[in-house]
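Residue-level structural notes
This is what each chain is made of:
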Amino acid sequence: CIWYACWKALALLRMGRCDECLSILRECAADTGCFNEIFEIYETEAHPWFTTAEGIYLQALAEYLKVDVPGK
């Protein structure tokens, strides 16, 4: 589930494990709906009624972009 994955990415980032954080964010970004929306659990042909995963994804991405990552 993207919601949990993004929390994991955020925790890894805060521990300085930036490469692992970015890997998770990339996986999450690849698992989106037909309009590139992020759901907690994306299932083909199903449209969940809530999308709080988008918020934690943006939080993790914003914090990643603020971190001084070598080679970023």
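Keep in mind that this is a model prediction, so the values were computed, not measured. (Residues numbered from 1 in each chain as written. Predicted model: local features only at pLDDT ≥ 70, side-chain atom pairs only at ≥ 80, totals over all residues. Heavy atoms only, no water.)

It is worth spelling out the nonpolar core at this point. Core analysis: the biggest nonpolar cluster contains 18 residues, and Ile-2, Cys-6, Cys-21, Leu-25, Cys-28, Tyr-57 and Tyr-64 have the highest contact counts within it. For this core, the secondary-structure elements that each account for two or more residues are helix H1 (2-14), helix H2 (18-30) and helix H3 (53-66). (Core = buried A, V, L, I, M, F, W, Y, C linked by side-chain atoms within 4.5 Å. Buried < 20%, exposed > 50% of the residue type's maximum accessible area, 1.4 Å probe, protein only. Helix = DSSP H or I, 4+ residues; strand = E, 2+ residues; numbered from the N terminus.)

This next bit is on H3. Turn by turn, an α-helix covers 3.6 residues, leaving residues three or four places apart pointing in a common direction. Taking 1.5 Å of rise per residue, the 14 residues of H3 would be expected to cover 20 Å, and the 20 Å separating its terminal C-alpha atoms lies within 8% of that figure. Regarding H3, the residues found buried are Ala-53, Ile-56, Tyr-57, Ala-60, Glu-63 and Tyr-64. Looking straight down H3, one finds its buried side chains confined to an arc of 135°; they lie on one side. When the buried face of H3 is taken as reference, the exposed residues oriented beyond 90 degrees from it are Leu-58, Leu-65 and Lys-66. Buried residues in H3 make contact with H1 and H2. (Expected span 1.5 Å × (residues − 1). Arc of directions from axis to C-beta. Contact = heavy atoms within 4.5 Å.)

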